[in-house]
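Results of the structural survey
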Amino acid sequence: MARTGGELVATALQRAGVSHVFALAGGHIDPTWNAAKRLGITVVDVRHEAAAAHAAEGWALATGQPGVCLVTAGPGLTNALTGIANAWNSGSPLVCIAGAATLRGQDTGEVESLDQLDIVRPVTKWARRVYHADRIPEYVDLAFREATTGRPGPVYLELAIDLVHSVVDEETVQSPVAAASLARGGAPADADVARALELLAGARRPAVVAGSGVWWAGAGEELRMFVERARVPLVTRQAARGIVADDHPLCFGQDWQNIVYQADVLLVVGKQLDYFFGYGFFPHLDHMIQIDVNPREIGRNRVPVSLGMVADAKAALRQLSEKAEPLATDEWISSLRGQRERIAAAKQELARSDAVPLHPLRVCMELASLLRRDATVIADASNMLMWTNATFPAYEPGRTPTMGNLGCIGHGIGFALAAACARPGTQVVWVVGDGSFGFHAMELDTAARFGLPITTVVLNNLGWSAQWVPLGVRHYERMAPAFDGEGILVERPEELRPALSRALAAEAPAIVNVLVDPAAEYFPGRSFRGAG
Amino acid sequence: MNRELLTQARDGLPPRLNAGILMGDGGFCVLGWMLLTAGFHPITLYSNTLGVVHPELGGPAVDVVARVYGLDRDAVIGLGELNDATPVGERVEAVRRQITELLDAEPSR
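Observations regarding the overall build of chain B
- When helices and strands are tallied, chain B shows 5 helices and 4 strands.
- Secondary structure elements of chain B occur, N-terminal to C-terminal, as α-β-β-α-β-β-α-α-α.
- With 109 residues in all, chain B has 57% of them scored as buried.
- Sequence-distant contacts, at least 24 apart, represent 56% of the contacts inside chain B between residues at least 6 apart.
- Summing over all exposed atoms, chain B offers an accessible surface of approximately 4400 Å²; the carbon and sulfur share of this is 52%.

Focus: the packing of aromatic side chains
Residue and element names in this part refer to chain A.
- Under the definition given, this model contains 14 aromatic pairs over all chains.
- Ring geometry for Phe277 and Phe282: centres 5.1 Å apart, planes at 65°, overall edge-to-face. Each member of the pair, Phe277 as well as Phe282, is classed as buried.
- The structure contains a cluster of three or more aromatic residues connected by ring pairs, namely Trp256, Tyr261, Phe277 and Phe282.
- We note Arg373 situated over the ring of Tyr395; from NZ or CZ to the ring centre the distance is 4.0 Å.

As for the nonpolar core
Residue and element names in this part refer to chain A.
- Ranked by internal contacts, the top residues of the largest apolar core, which has 110 residues, are Leu223, Phe226, Leu266 and Ile454.
- Not counting residues within four places of it along the chain, the set of residues in contact with Phe226 comprises Leu197, Leu200, Val208, Arg231, Leu267, Leu317, Leu320, Ser321 and Ala324.
- By size, the runner-up hydrophobic cluster in this structure holds 38 residues, among which are Phe276, Leu367, Trp387 and Val429.

A word on the domain arrangement of chain A
Residue and element names in this part refer to chain A.
- Domain annotation of chain A identifies domain 1 (2-172), domain 2 (190-336) and domain 3 (352-515).
- Averaged C-alpha coordinates put domain 2 and domain 3 at centres separated by 32 Å.
- Contact residues are listed per partner, giving 11 residues for domain 2 and 13 residues for domain 3.
- A combined buried area of about 990 Å² lies between domain 2 and domain 3, and 52% of that area is made up of carbon and sulfur atoms.
- Remark: the boundary between domain 2 and domain 3 carries 1 salt bridge.
- Two residues, Arg373 and Asp247, come together in a salt bridge whose shortest N-O distance is 2.9 Å.
- Applying the counting rule to domain 2 against domain 3 returns 3 residue pairs in polar contact (both at pLDDT 80 or more).
- Taken together, the residues of the side of domain 2 that touches domain 3 sort by class into 5 nonpolar, 2 polar and 4 charged.

Here's the deal with the side chain of A:Arg423
All names here are of chain A.
- Tracing the chain through its elements places Arg423 in the loop between helix H16 (412-422) and strand S15 (428-433).
- With no salt bridge to any partner, buried Arg423 finds its closest opposite charge in Glu396, at an N-O distance of 6.4 Å.
- Among the polar contacts listed, one links the side chain of Arg423 to the side chain of Thr376, at a separation of 2.9 Å.
- When sequence neighbours within four positions are dropped, the list of residues in contact with Arg423 reads Ala62, Thr376, Gly398 and Arg399.

Looking at the environment of A:Arg135
- The residue A:Arg135 is located in the loop between strand S6 (126-130) and helix H6 (136-148) in this model.
- Sequence-wise, A:Arg135 and A:Pro176 are 41 residues apart; in three dimensions their C-alpha atoms are separated by 9.2 Å.

Points about the pattern of salt bridges
Residues and elements named next belong to chain A.
- Tallying each qualifying case throughout the model produces 31 salt bridges over all chains.
- With its nearest N and O atoms 2.9 Å apart, the salt bridge here joins Glu494 to Arg492.
- Overall, the relative accessible area of 52% leaves Glu494 in the exposed class.
- By relative accessible area, which is 39% here, Arg492 ends up partly exposed.

Rules behind the numbers
Residues numbered from 1 in each chain as written. Chains lettered and ligands numbered in written order. Predicted model: local features only at pLDDT ≥ 70, side-chain atom pairs only at ≥ 80, totals over all residues. Heavy atoms only, no water. Helix = DSSP H or I, 4+ residues; strand = E, 2+ residues; numbered from the N terminus. Buried < 20%, exposed > 50% of the residue type's maximum accessible area, 1.4 Å probe, protein only. Contact = heavy atoms within 4.5 Å. Areas by Shrake-Rupley, 256 points an atom, 1.4 Å probe, with all protein chains shown as cover. Phe/Tyr/Trp six-rings, centres within 6.5 Å; stacked < 30°, edge-to-face > 60°. Lys NZ or Arg CZ within 6 Å of the ring centre and 35° of its normal. Core = buried A, V, L, I, M, F, W, Y, C linked by side-chain atoms within 4.5 Å. Domains from an automatic or database assignment. Buried area = accessible area lost by both parts, 1.4 Å probe. Salt bridge = Lys/Arg side-chain N within 4 Å of Asp/Glu carboxyl O. Polar contact = N/O pair within 3.5 Å; in protein donor to acceptor, adjacent residues only side chain to side chain. Nonpolar A, V, L, I, M, F, W, Y, C, P; charged D, E, K, R; others polar. Lys, Arg positive; Asp, Glu negative; His and termini not counted.

Take a look at the structure:
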């Protein structure tokens, strides 16, 4: 049977278990696009390729499985680059399939012709161009293996327009042998596990920090078992948020600084020693124990690590929990709970504020009180993270994706589209500043076309607060009717709860534009006396 | 006490100090400002910041400020607490007065 290159791509995606592809149409990818639809893959066509890549990463963050974006040649790929780079910095598995100018047309001045491979190489784990249609299934399969094994990350596969239109006899196409299992990394040595437990047993204030690597390894259950058996307090960061629920008696959410700076021995699992984690430099610690599948991560930034294990988080945590004994941590845990209550009280005080313009913490707390336990809240980026980080609990994994350390802004609507596709019928909220809203607000049209009732809450402080560059009062809520949705302006405290309730109940995308105090400050929850 | 550095931090205080975060979009708290004045730039953002990143000199913010400025730890804690407890409009002046008191309490040699 004769098959086009595009059909071979789509069939290979289906075999890889792909149900959704985030894409923007273009002539260079038509055969793949059409074949994917014929096979029942949902092609979520967005309004800008960056959103396609952000949504593909959002799919991975929401489901733990690699997300796929399909973009056309030239500007299609360059537009997607920011989303790919974001996934690269965060270590999220993403497969980008791009069209390209013809294989015959290199250096002829052909439209949308660009050296795409060289552009994507610095921000991908693996990048390839396919030269022969009969090898397409093999390369698609490789792309998924590369994206998901070891430290996950984005991969790139390029197929020229003449390749996806070419026709081959299916009999000549050999599909790859499926790998029986795709282990992400090895198990640690027994002696190292014993040493880790010994160091923890010698601690007065031990703590565990779980990062995205725990989510990608599917090690949530092993993590919970370990902290329960050893009775060690836990904080979760980035994609690990919710992997153990924030209301678990041993989980202290993401307020990592309060705990890390008081701990004496720290077990860090699958967390990059990066900007979002003080670069891992905590000289007050007696010991840091580190488990990471990425060998380059152990002791990064010249951090003194007492014991580093290059290992799969799932295997390591399982071994640790099998051998763990309960530690004498009652006093330490009790002290942390007291601190948590003090911080919660400080937050509640601000949350009761009737000030006009509204305090952003009040908006976030009011919103949080209206959300169901399985809601997804995407806190976009930048200054507003001060309030969202302090507000939205994570009860399940994949529910609170936020900014990566690339520092993207505006990407949150891509994450929201993916979460709404992955979990239809659940609440999906995009909380965003007015500056970031402008980047990809047009994706609310995508949400409308696909029947995704995403609630957008704009914390509108009238400008770019990073540099205090004013944008002025803008009626972003008026955009909603253009997408068959409802828009509500909130200026006063008494308007807030009814507006949020109405937006959350809507069956179409809704925008709640809340004018918040540009001079609002972060809640005063820190304790200098607890640090050190 | 490093009088020269402390004087420099006091005299260069920005027009606005924030509360609750060492350094974030929009400004610094007094400890963040003192760290910046002393040359510490890469500080973790967007949370309840208490720590300083530096390969050799980093650690809890209170300890780093105390060490670099040659101040008692309690004096640094006092500055941080004053910062967070004072309304924004009065904060810079309150902090400036407190630093002046610290300088006056230890005459220069």
